[in-house]
Amino acid sequence: MVRIECYSNVGRVRKENEDTVLALSFQVSGAPYWLGVVCDGIGGGEDGKYASSLVCKSIMDAIGSYEVQGDNVLEDLANLVSYTLNKCNSTIYKKYLGSKSTVCGTTCSCIILNDKEYITLHVGDSSIFGVRSCKFDKLTVDHTLTREKVLQGLITEEEALTDPSRHTILRAVGINKHLRVDVSDVKEHKYKGYLLTSDGYSEFLTLDRVSEIYNYSLTLEDVACEMLDLGQRDNLSAVWIRIR
């Protein structure tokens, strides 16, 4: 049994929520599958919302028209989503090509799973976490200037938390002519749940808060309200997928 919870909040400062979240439950040849997506728009206001909404709607439409192509359905579905992200990338990039004042795009973190295995796709600085009791592991790598500095040994993980370029995104849907999507291998479940978050949500994420979500002590909304009270100014979005 899989239970899915979604949440998105504009926050207390911004006028527009540029995030879009998506959760789907569907069947392929009679077998159950689930999908979760978090997209965080880039560009400000309506431009960022346009990009994140386009990606989520396009993925939903693609899954709705999916027909089995090969032996591994999860790989098939991931290829379909990757192809869809590249189509969205071209659409957004061409729409805003030549605009001197606006850069438009969106992050995208996506997980597709059945009752035994999962696969992830990722672009940008939204995140996917694998969650077990008293532990959570980040399954994605941020495509930011700060993460590149860490990988090159220029700064430490601790310094990365306050690095000025931690929100400078190097890879996202729509901001460059060509898109490269990180796609994981198909993996067996070793986690009891998966948490997808925008950077606004993950920035204030702690083990205690993840444990409260895992144990259903607090909802995604409850945790977001705590983050807002602590001073988070960004949009807050998350999808929680719990496997029972």
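Just so it is clear, the model here is predicted, and its values are computed rather than measured. For every chain, the first residue of the written sequence is number 1, and numbering continues from 1 onward in sequence order. Since the coordinates come from a predicted model, pLDDT governs what is reported: local features require at least 70, and pairs of side-chain atoms require 80 or more to be given and counted, while whole-chain, interface and lining totals use all residues. The side-chain figures draw on all heavy atoms in the structure; neither hydrogens nor water molecules are used.

1. Things to note about the overall build of the protein chain
Helix and strand definitions follow DSSP, with helices as H or I runs of at least four residues and strands as E runs of at least two, each counted in order from the N terminus. A count of helical and extended segments in the protein chain gives 7 helices and 12 strands. Its C-alpha atoms give the protein chain a radius of gyration of 17 Å, near enough to 18 Å, the size a compact globule of 244 residues would have. The buried label goes to any residue with under 20% of its type's maximum accessible area, the exposed label to any with over 50%, and the partly exposed label to all in between, with areas taken from a 1.4 Å probe on protein chains only. Taken across its 244 residues, the protein chain has 50% of its residues classed as buried. Whether two residues are in contact is decided by their heavy atoms: any pair within 4.5 Å suffices. Considering only residue pairs separated by 6 or more positions, the protein chain has 70% of its internal contacts joining residues 24 or more positions apart. About 11,900 Å² of surface is accessible on the protein chain, with carbon and sulfur atoms providing 47% of the total. Throughout, the radius of gyration refers to the C-alpha atoms, and the reference size of a globule is 2.2 Å times the residue count to the power 0.38. Residue-level accessible areas treat just the shown protein chains as cover; the underlying method is Shrake-Rupley with a 1.4 Å probe.

2. Focus: the sheet that holds strand β11 (residues 193-197)
Following DSSP output, two strands are said to pair if at least two bridges run between them. An order of β1-β12-β11-β7-β8 is seen for the 5 strands of this open sheet, with the pairing classed as antiparallel. This sheet does not close on itself; its edge strands, each paired only once, are β1 (2-9) and β8 (135-138). Here the average twist between neighbouring strands, direction ignored, is 20°. Most of the contacts of helix α7 (residues 220-229) go to β1, to which it runs at about 30°, and overall it touches β1, β11 and β12 (236-243). For helices, the fitted line uses only the C-alpha atoms of the stretch in contact; every axis is such a line through C-alpha atoms, and the angle between N-to-C directions lies from 0 to 180 degrees.

3. Comments concerning the environment of Asp199
Assignment of secondary structure puts Asp199 in helix α5 (residues 199-202). You can call Asp199 buried: its relative accessible area is 10%. On a C-alpha basis, the gap between Asp199 and Phe129 in space is 12 Å, while along the polypeptide they are 70 residues apart. If we ignore the near neighbours within four places in the chain, the residues touching Asp199 are Asp40, Asp125, Ser126, His167 and Asp234.

4. Describing the pairing of β12
With respect to burial, β12 is a largely interior element, 8 of its 8 residues being buried. The alternating pattern of β12 places Leu236, Ala238, Trp240 and Arg242 and Ser237, Val239, Ile241 and Ile243 on opposite faces, both of which are buried. Strand direction decides the pairing type here: β1 and β12, joined by 8 bridges, are antiparallel. From the neighbouring strand, Tyr7 faces β12, where its bridge partner is Ala238. As paired elements, β11 and β12 share 5 bridges and run antiparallel to each other. What sits directly across from Leu196, in β12, is Val239.

5. Some remarks on the packing of aromatic side chains
Side-chain rings of Phe, Tyr and Trp, where Trp is taken by its six-membered ring, are said to pair if the distance between their centres is within 6.5 Å; with planes under 30 degrees apart they count as stacked, over 60 as edge-to-face, and otherwise as tilted. Taken as a whole and assessed by the stated rule, the structure comprises 6 aromatic pairs. Aromatic ring contacts, followed pair by pair, group Tyr118, Tyr191 and Tyr194 into a single cluster. The rule for a charge over a ring is simple: NZ of Lys or CZ of Arg within 6 Å of the ring centre, and within 35 degrees of the ring normal. When the ring centre of Tyr216 is taken as reference, the NZ or CZ atom of Arg3 above it lies at 4.2 Å. A cation over an aromatic ring shows up here: Arg242 above the ring of Tyr214, its NZ or CZ 4.2 Å from the ring centre.

6. Looking at unusual backbone geometry
It is generally the case that most residues other than glycine have a negative phi and that most peptide bonds are trans. The backbone of Ser29 sits at a positive phi, close to 55°, despite the residue not being glycine. Tracing the backbone through its elements, the reader meets Ser29 in the loop between β2 (19-28) and β3 (31-42). Relative accessible area serves as the criterion here: at 72%, Ser29 is assigned to the exposed category.

7. Considering the pattern of salt bridges
A side-chain nitrogen of Lys or Arg and a carboxyl oxygen of Asp or Glu constitute a salt bridge if their distance falls within 4 Å. For the coordinates displayed, the defined rule picks out 8 salt bridges. As a salt-bridge pair, Arg166 and Glu203 come within 3.7 Å of each other at their nearest N and O atoms. Of this pair, Arg166 sits in the loop between α4 (157-160) and β9 (182-183) while Glu203 is found in the loop between α5 and α6 (207-214), placing the two residues 37 residues apart along the sequence. For Arg166, a relative accessible area of 29% puts it in the partly exposed group.

8. Details of the environment of Met1
Residue position: Met1 is located in the segment before β1. For Met1, a relative accessible area of 71% puts it in the exposed group. Considered as a pair, Met1 and Arg242 are 241 residues apart in the sequence and their alpha carbons are 8.4 Å apart.

This is a description of form; function is not addressed.
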